[in-house]
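Structural overview
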Amino acid sequence: MSIQVRNIHKQFGSFTALDDISLDFPTGELVALLGPSGCGKTTLLRIIAGLEQADSGQVLLEGEDASGTHVRERQVGFVFQHYALFRHMTVFDNVAFGMRMKPRSQRPSEKQIRDKVHELLNLVQLDWLADRFPSQLSGGQRQRIALARALAVEPRVLLLDEPFGALDAKVRKELRRWLRKLHDELHITSIFVTHDQEEALEVADRVVLMDHGHVEQIGTPEEVYRHPATPFVYGFLGSVNFFHGRVEGETVRVGEDVLPHEPHDLDHGAEVVAFARPHELEIVTDPAATEGLAAKISRVLSFGVTARVELDGVNGSTGRHFEVELTRERAETLQLSEGQLVRLVPSRLRVFDKKGTAA
Amino acid sequence: MSTTTFRVLPGFRLTLGYTLAYLSLLVLIPLAAVFLKTTTLGFEQFWSVVTSPRVVASYKLSFGASLLAASINAVFGLMLAWALVRYSFPGKKLIDALVDLPFALPTAVAGIALTALYAKNGWLGQYLDPLGIQVAFKPLGVLVALVFIGLPFVVRTVQPILEDLDTELEEAAASLGAHRWQTFRHVVLPILFPALLTGFALAFARAVGEYGSVIFIAGNLPMVSEITPLMIITKLEQYDYAGATAIATVMLVFSFILLLIINGLQAWTAKRTGRDR
Amino acid sequence: MAGATTMNPGSAGSRGLTRFEAKAATRESPLVKWTILGVSLSFFAIFLLMPLIAVFVEALRKGWETYLTALTDPDALSAVKLTLLAAVIAVPLNLVFGVSAAWAIAKFEFRGKHFLITLIDLPFSVSPVIAGLIYVLVFGAQGWLGPWLAEHDLKVIFAVPGIVLATVFVTFPFVARELIPLMEAQGREEEEAAVVLGAHGFQVFWHVTLPNIKWGLLYGVILTNARAMGEFGAVSVVSGHIRGHTNTLPLHVEILYNEYQFAAAFAVASLLALLALVTLVIKSWVEHRAAQAYKVTEDAS
């Protein structure tokens, strides 16, 4: 089922949680709502579920306005951040709950319920835990039971609030892969909220980046990572070096140094912020070079496949820190040493004017 | 996060409506009757009732004995709570359970039992009398009864805070060179203090209004050992409703002020210890 | 004001040394320890234990026969009946109120919530004597509704309804006070999950909330019941002390005592003291169970 969100606005007192949000979630996709805490992503998820009501705007489920539909009738599956398993019920009873709450006329027989519960528990590979209580389960198991419970009512959409937030790193990775696999089997329209960029990029078909109640960018993981639309996205996804400077013809002047920049339509003299990922910076050791930003190597870390070089700015960028990633071979060829003065030349530079508009 | 107009969970109007109706009918409206009845007295009449010498003597006894009893309970209640939390000794669980006895034991029963103990020929009275200490039928008896009913308030407010106390705090103090007493005085006591004060205030509030356990042991001599609640009963028995109400008003105003103070203290405890209520 | 009566799960002491005794930095010297233990336990023995023992000793002073006679006296039996009646009415009323108030307060946000909690606490801070007085002012012969009641031949004050009202008032906040913090601590997620899964109004409460609060609820009921059966001051004001009609057990104790029938007074009192002990036993058991349930939830979160 498709979900559309139209001009949603939500205010908590004087705090604007969501500011005129409009989004389309196509049928069958797994979408991540990604952003820092307080960006409004959980509020949006709860509004889609019907657990919260927007001050204005619409939620369309399958093209129909759901604003007047109670959460009970929306047929959404919701997985709560802390799972909200009923602690006094066994795993079996938790999963069966939704079916047992149906009016007598629609309620499946106990046998049907039993079969369905076991089917779901098999799906999440935890059938052997049916008689346990939530307190006897590990975090990852609880997470999967919560999912099975949500699926038991055959929801048209699945909404997950920080599904891996409360788990430790190893379990989190496993469950991520597992959720992706499950989604590929079920193809149910799903939205999950996360503040973890790696999680969003790895699991989702499409990522919605949010900040301060606004949507910053929507796209496939590759699109948003490779072509960040705003400085916020640049800074939020992966590590990045940024430079404050001014446009001078085909270059960006940062202090006394100049960085080369491909053609653009920014005015001469415009104040800009320029971004480059660590692997998009080249280290030039030639003392005679004039192009690039002067910096001093503070540390060289070369224990992995790639080497990482940490540098401190000098001249106009004193006090700033930069990070460069390069192959180990390249690092060895350059013979970098701590304290050495070098220049940083970006192979690719993204420039935004101070208002955040891309050039 | 929640809104004022939209509620996912059911039953808000029903339960809040019922709560307010029940509260108003049984508590608020009857209490308002006290204040309305008082207004039928002129101010001068009201003043002469509530400042008549016998009534003033009862204030002195009620408030004085209650303050003293609450202070005694603060000291010994803290010690008892400390012993229950920090030490292991045989019968600890039994004693822990029995601390609540004054909550559970009907006040009239406590009253006659204390009287029997402290009468001249009673278990304790027979030893105190030769020393010239008379408890039963004297103001001292009032104090004893008020100590009895107030003890659990202090123990039960201090105990949970003591339980939650992180041993690392005291270990840190010790590693910084503090002696045991210094640690208690500068680290433990400041954390306990709001709770201790709350317990004190609760015991005090309860003591001021207490009736059942006191009247048997007090002797109820006018100007000497009459407590304020008894003055209300006395006026009622003389069908002096306005007079009874006037004294009740004074007590109520006092209770409300105390209630506000206690609420503030509990908020302070919560803030100081990060504990709810 | 019920701060001191609030259930405290997790306080169940463990066997052996306490964690404070096991560590060098939180241990006092033996002298200090034994002084504190000695003083506090003596205080406990003199002020709490001795009165309790005195009740039973005095009750049996004149032998079992006098004891049993006192308890089987028709006036004593009718006092038992009235005491039970008052409790049987007051406890369910305040139970329903407590659950309803706790639901509204713990599961929703609204303005004036803290003020409402303070108002619910109010009966705790009012002297029992005043609790009786307020109903006299409303329902008494000279009260607001007095003339109307007299016209319709209804009696509230100096009759059973007055005793029930006074009992309801003094036990008013117990259940609510127990449930509000408990339900606030449990949050709304489980209830919201139930609603998302299709549960309707009462189903949510019955299947999800109630199982989680049952120990707190029971605890509140026990406290309510103990106070309801033992209340003296408030009931004394509205009762009129009509033997065989408006006497509850505590009032019966008073009458016997004032008539110098000490053994009989203590015999009836011992019945109430037994009730208190039973209350404490159940209360400890509930605390123990709640501590277990609490531990399970702690592990779960």
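Quantities reported herein were computed from a predicted structural model and do not represent experimental measurements. (Residues numbered from 1 in each chain as written. Chains lettered and ligands numbered in written order. Predicted model: local features only at pLDDT ≥ 70, side-chain atom pairs only at ≥ 80, totals over all residues. Heavy atoms only, no water.)

**Focus: the overall build of chain A**
Using the following cut-off: Only DSSP runs of H or I with at least four residues qualify as helices, and only runs of E with at least two residues qualify as strands; both kinds are numbered from the N terminus onward. Remark: exposure states derive from per-residue accessible area (1.4 Å probe, protein chains only) relative to the maximum for the residue type, with buried under 20%, exposed over 50%, and partly exposed in between. Only the protein chains shown count as covering a residue, and every accessible area follows the Shrake-Rupley method with a 1.4 Å probe. This count recognises Lys and Arg as positive and Asp and Glu as negative, with His and chain-terminal groups excluded. For the purpose of locating charges, the reference atoms are NZ of Lys, CZ of Arg, CG of Asp and CD of Glu.
Counting its secondary structure elements, chain A contains 9 helices and 20 strands. Considering only C-alpha atoms, chain A reaches an extent of 85 × 45 × 35 Å along its principal axes. A buried classification covers 52% of the 359 residues belonging to chain A. Carbon together with sulfur atoms contributes 48% to the accessible area of chain A, which is approximately 16100 Å² in total. Computed over 42 positive and 52 negative side-chain charges, the separation of the two mean positions in chain A equals 7 Å.

**Focus on unusual backbone geometry**
With a phi angle near 50°, Gln335 of chain A is a residue other than glycine that sits in the positive phi range. By the secondary structure assignment, Gln335 of chain A is in the loop between helix H9 (328-334) and strand S19 (341-346). Positioned with a positive phi, Phe137 of chain B is a non-glycine residue whose angle comes to about 65°. With respect to the secondary-structure elements, Phe137 of chain B resides in the loop between helix H7 (125-128) and helix H8 (139-164). Under the relative-accessibility criterion, Phe137 of chain B is labelled partly exposed at 41%.

**Section: the interface of chain C and chain A**
Rules: It only takes one pair of heavy atoms within 4.5 Å for two residues to be counted as in contact. The term buried area means the drop in 1.4 Å probe accessible area that two parts suffer when joined, counted for both and summed. Salt bridges are defined by distance alone: a side-chain nitrogen of Lys or Arg within 4 Å of a carboxyl oxygen of Asp or Glu. Under the rule applied, a polar contact is a pair of N or O atoms within 3.5 Å (in protein, one hydrogen donor and one hydrogen acceptor; residues adjacent in sequence only if both atoms are side-chain atoms). Residue polarity is assigned by list, with Asp, Glu, Lys and Arg as charged and Ala, Val, Leu, Ile, Met, Phe, Trp, Tyr, Cys and Pro as nonpolar; anything else, Gly included, falls into the polar class.
Chain C puts 23 residues into the contact, and the matching count from chain A is 26 residues. Summed over both partners, the interface of chain C with chain A buries about 2200 Å², with 61% contributed by carbon and sulfur atoms. For the chain C face of the interface with chain A, the top three residues by lost area are Glu189, Val196 and Leu197 of chain C, together amounting to 31%. The interface formed by chain C and chain A holds 2 salt bridges in total. The partner of Arg46 of chain A in a salt bridge is Glu192 of chain C, and the shortest N-O contact between them spans 2.8 Å. Inspection of the chain C/chain A interface yields 6 residue pairs in polar contact (both at pLDDT 80 or more). Elements with a minimum of two residues in the side of chain C that touches chain A: helix H9 (189-196), helix H10 (201-230) and helix H13 (262-300) of chain C. Of all the elements, H9 of chain C adds the most residues to the side of chain C that touches chain A, at 7 residues. Split by residue class, the side of chain C that touches chain A holds 10 nonpolar, 9 polar and 4 charged.

**Topic: the sheet that holds S19 of chain A**
All names here are of chain A. Spelled out, the test is: We treat two strands as partners when DSSP finds at least two bridges between them. Axis definition: a line fit to C-alpha positions, over the contact stretch in the case of helices; interaxial angles, taken between N-to-C directions, run 0 to 180 degrees.
The strand order across the open sheet formed by 5 strands is S15-S19-S16-S17-S18, and the pairing between neighbours is antiparallel. The sheet terminates laterally at strand S15 (281-284) and strand S18 (321-327), the two strands that pair on one side only. Each neighbouring strand pair of the sheet contributes to a mean axis angle of 45°, computed without reference to strand direction. As paired elements, strand S16 (residues 293-301) and S19 share 4 bridges and run antiparallel to each other. Considered in S19, the bridge of Ala294 is made with Arg343.

**Side note on the sheet that holds strand S5 (residues 64-65) of chain A**
Sheet strands pair by backbone hydrogen bonding; their relative direction is either parallel or antiparallel. All names here are of chain A. What the 4 strands build is an open sheet, ordered S2-S1-S4-S5; its pairing is antiparallel. Whereas interior strands pair on both sides, the edge strands pair on one side only; in this sheet they are strand S2 (15-25) and S5. Bridge count between strand S4 (residues 56-61) and S5: 2 bridges; the pairing is antiparallel. Directly across from Leu60, in S5, lies its bridge partner Asp65.

**A closer look at the pattern of salt bridges**
Counted by the stated rule, this structure contains 39 salt bridges over all chains. Arg100 of chain A is the partner of Asp93 of chain A in a salt bridge, and the nearest nitrogen-oxygen pair spans 2.9 Å. Between Lys107 of chain C and Glu191 of chain C there is a salt bridge, and its shortest N-O distance comes to 3.3 Å. Taken as a pair, Lys107 of chain C in helix H3 (residues 74-107) and Glu191 of chain C in helix H9 lie far apart in primary sequence, 84 residues in all. Salt bridges linked by common partners bring Asp96, Asp100 and Arg156 of chain B together with Lys283 and Glu287 of chain C together as one network.

**Considerations on the environment of Pro152 of chain B**
Within the element layout of this structure, Pro152 of chain B appears in helix H8. Along the sequence, Pro152 of chain B and Arg206 of chain B sit 54 residues apart, while their C-alpha atoms lie 11 Å from each other.

**Here we look at the packing of helix H13 (residues 241-273) of chain B against helix H4 (residues 113-125) of chain C**
Formally: Throughout, the term roughly parallel applies to angles under 35 degrees, roughly antiparallel to angles over 145, roughly perpendicular to angles from 65 to 115, and oblique to all others. Definitions for this section: a left-handed crossing has its near helix turned counterclockwise from the far helix by less than a right angle. A right-handed crossing has that turn clockwise.
Between H13 of chain B and H4 of chain C, the shortest axis-to-axis distance is 10 Å and the interhelical angle comes to 125°. On the basis of the axis angle, H13 of chain B is oblique to H4 of chain C. Once H13 of chain B is placed against H4 of chain C, the crossing between them reads as right-handed. Facing H13 of chain B, whose interface residues are Ser255, Phe256, Leu259 and Asn263 of chain B, H4 of chain C presents Thr118, Asp121, Leu122 and Ser125 of chain C. Each residue belonging to the contact of H13 of chain B with H4 of chain C can be placed in one class, and the counts come to 3 nonpolar, 4 polar and 1 charged.

**Quick notes on the layout of surface pockets**
Condition: For cavity detection a 1 Å grid was placed over the protein atoms alone, and a set of points counts as a cavity when a 1.4 Å probe fits there but cannot get out; an open set counts as a pocket when protein lies on both sides within 12 Å along at least five of seven lines, with lining residues being those that have an atom within 4 Å of a point. Grid points are joined across faces, edges and corners, and a volume is the space filled by probe spheres set on the points.
The calculated volume of the second largest pocket comes to roughly 580 Å³. Surrounding the second largest pocket, 24 residues form its lining, Thr115 and Ala116 of chain B together with Tyr257, Phe262 and Phe266 of chain C being those nearest its centre. In terms of residue count, the dominant contributor to the lining of the second largest pocket is helix H6 (residues 107-118) of chain B (4 residues). Of the residues that constitute the lining of the second largest pocket, the class distribution is 15 nonpolar, 5 polar and 4 charged.

**Quick look at the confidence of the model for chain C**
Residues and elements named next belong to chain C. Where we set the bar: What pLDDT reports is the predictor's confidence in each residue, on a scale of 0 through 100.
Across chain C, the average pLDDT comes to 88, with 92% of residues at or above 70. Taken as a whole, residues 9-15 scores under 50 in pLDDT and shows 9 contacts with residues more than four places along the chain or in a different chain. Interface confidence in the predicted complex, given as ipTM, is 0.88; pTM for the same model is 0.84.

**With respect to the nonpolar core**
Here is the rule: By nonpolar core is meant a set of buried Ala, Val, Leu, Ile, Met, Phe, Trp, Tyr and Cys residues that side-chain atoms within 4.5 Å join together. All the domain ranges listed were derived from an automatic or database domain assignment.
Core analysis: the biggest nonpolar cluster contains 232 residues, and Phe25, Leu33, Leu44 and Phe97 of chain A, Tyr118 and Ile232 of chain B together with Ile120 of chain C have the highest contact counts within it. Examining the composition of this core, we find that 15 residues originate from one element, H8 of chain B, more than from any other. The residue makeup of this core includes at least three contributed by each of domain 1 (8-38) and domain 2 (45-273) of chain B. Here Leu44 of chain A is in contact with Val5, Leu18, Ile21, Leu23, Leu33 and Met210 of chain A, once residues within four sequence places are set aside.

**A few points about the interface of chain C and chain B**
Contacts between chain C and chain B engage 108 residues on the former and 105 residues on the latter. Between chain C and chain B, roughly 9500 Å² of surface is buried when both sides are summed, and carbon and sulfur atoms account for 76% of that area. The salt bridge partner of Lys283 of chain C is Asp100 of chain B, with a shortest N-O separation of 2.1 Å. Applying the counting rule to chain C against chain B returns 17 residue pairs in polar contact (both at pLDDT 80 or more). It is helix H1 (residues 30-59) of chain C that provides the largest number of residues to the side of chain C that touches chain B, a total of 20 residues. The class makeup of the residues in the side of chain C that touches chain B is 67 nonpolar, 23 polar and 18 charged.

**Points about the side chain of Lys92 of chain B**
The residue Lys92 of chain B is located in helix H4 (residues 92-98) in this model. Of note is the side chain of Lys92 of chain B, whose polar atom sits 2.9 Å from the backbone oxygen of Leu84 of chain B.

**Some details on the pairing of strand S10 (residues 214-219) of chain A**
Every regular strand shows the same layout, with side chains that alternate between the two sheet faces. Residues and elements named next belong to chain A. As defined by bridge partners, strand S9 (residues 206-211) adjoins S10 across 5 bridges and the pair is classed as antiparallel. Bridged to Asp211 within S10 is His214. With antiparallel pairing between neighbouring strands as the criterion, S9 and S10 make up a hairpin whose turn holds 2 residues, including His212 at a positive phi of roughly 50°.

**Side note on the packing of aromatic side chains**
Selection criterion: Two aromatic rings from Phe, Tyr or Trp, using only the six-membered ring of Trp, form a pair when their centres are within 6.5 Å; if the ring planes differ by under 30 degrees the pair is stacked, by over 60 it is edge-to-face, and anything between is tilted. Placement of a positive charge over a ring is assigned whenever Lys NZ or Arg CZ falls within 6 Å of the ring centre and within 35 degrees of the normal to the ring plane.
Across all of its chains, the model carries 40 aromatic pairs over all chains by this definition. Ring geometry for Phe243 of chain A versus Phe322 of chain A: centroids 5.3 Å apart, planes at 25°, classification stacked. Taken together, the residues span a long stretch of sequence, with Phe243 of chain A in strand S11 (residues 241-248) and Phe322 of chain A in strand S18 at a distance of 79 residues. Of the two residues, Phe243 of chain A and Phe322 of chain A, both sit in the buried class. Ring centres of Phe202 of chain C and Phe205 of chain C lie 5.9 Å apart, and the angle between their planes is 40°; this geometry places the pair in the tilted category. In this pair, Phe202 of chain C and Phe205 of chain C are both assigned in helix H10, 3 residues apart and thus about one turn of the helix distant. For Phe202 of chain C, a relative accessible area of 59% puts it in the exposed group. The exposure class assigned to Phe205 of chain C is buried, which follows from its relative accessible area of 13%. An aromatic cluster is present here, built from Tyr211 and Phe216 of chain B together with Phe232, Tyr257, Tyr260 and Phe262 of chain C joined pairwise through their rings. Positioned above the aromatic ring of Trp178 of chain A is the side chain of Arg144 of chain A, whose terminal nitrogen or guanidinium carbon lies 5.6 Å from the ring centre.

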